[in-house]
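Coordinate inspection notes
Listed below, chain by chain, are the residues.
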Amino acid sequence: FASAYGYTLPSYRQANTLEQFAKGYGRAVAWRMAQVRGIRYDDPEIARVKIALETEQATPWSGGQLEKRVTGIDETWLNRDGVWWLSPK
């Protein structure tokens, strides 16, 4: 999460700690892979990014075994002075 936190808007980092950022994604899963599946530009300064996220998680019904899951997440990225920044929800 520390690496991803570094891509967030500077104004976001001023108002939110790394721990607050990480809580927004949960800690009950292990992230294994992320792949960009699509980018839509609402205008030259705003991009909506669809990401496929592969995780592993132990669930009550798996008997403690890790289960792989692929889910989709949507992110908003903002261009500020030629630099793209993640805008967390």
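The structure this text deals with has already been given above.
Since the structure is predicted, the reported quantities are computational estimates derived from the model, not experimental observations.

Definitions and cut-offs
- Sequence positions are assigned chain by chain, starting from 1 and proceeding in written order.
- Since the coordinates come from a predicted model, pLDDT governs what is reported: local features require at least 70, and pairs of side-chain atoms require 80 or more to be given and counted, while whole-chain, interface and lining totals use all residues.
- Calculation of side-chain values draws on the structure's entire complement of heavy atoms; hydrogens and water are dropped beforehand.
- Any Lys or Arg side-chain nitrogen found within 4 Å of a carboxyl oxygen on Asp or Glu counts as a salt bridge.
- Think of it this way: any DSSP run of H or I at least four residues long counts as a helix, any run of E at least two long counts as a strand, and we number them from the N terminus.
- Per-residue accessibility, obtained with a 1.4 Å probe over protein chains only, is compared with the maximum for each type, and a residue is labelled buried under 20%, exposed over 50%, and partly exposed between these values.
- Only Phe, Tyr and Trp rings take part, Trp by its six-membered ring, and two of them pair if their centres are within 6.5 Å. Stacked means planes under 30 degrees apart, edge-to-face means over 60, and tilted covers everything else.
- Strands are treated as partners if at least two bridges between them are detected by DSSP.

Moving on, we come to the pattern of salt bridges. Per the stated rule, a full pass over the model turns up five salt bridges. One salt bridge connects Glu56 with Arg32, and the closest N-O pair in it is separated by 2.9 Å. Within this pair, whereas Glu56 is found in strand β2 (residues 46-58), its partner Arg32 is found in strand β1 (residues 30-43), the two being separated by 24 residues in sequence. Since its relative accessible area comes to 17%, Glu56 is described here as buried. Judged by relative accessible area, which is 48%, Arg32 ranks as partly exposed. Across the salt bridge formed by Asp42 and Arg40, the nearest N and O atoms sit 3.0 Å from each other. Ionic contacts of the salt-bridge type, sharing partners, join the residues Arg40, Asp42 and Arg48 into one network.

For the structure on display, the rule yields five aromatic pairs. Each ring, one from Phe1 and one from Trp31, has its centre 5.6 Å from the other, and the planes form 70°; the classification is edge-to-face. Of the two residues, Phe1 is situated in the segment before α1 (2-5) and Trp31 in strand β1; the sequence distance between them amounts to 30 residues. On the basis of relative accessibility, which here comes to 34%, the residue Phe1 falls in the partly exposed class. Trp31 gets classed as partly exposed once you look at its relative accessible area, which sits at 35%. On the numbers, 5.7 Å between centres and 55° between planes, the contact of Tyr5 with Phe21 is tilted. Pair noted here: Tyr5 is in helix α1 and Phe21 is in helix α3 (residues 18-23), with a separation of 16 residues, a long-range link. You can call Phe21 buried: its relative accessible area is 2%.

Right, let's talk about the pairing of β2 for a bit. In terms of strand pairing, β1 meets β2 through 11 bridges, oriented antiparallel. Counterpart to Ala34 in the pairing with β2 is Leu53. Pairing of β2 with strand β3 (residues 66-80) involves 13 bridges; the strand directions are antiparallel. Counterpart to Ala47 in the pairing with β3 is Trp77.

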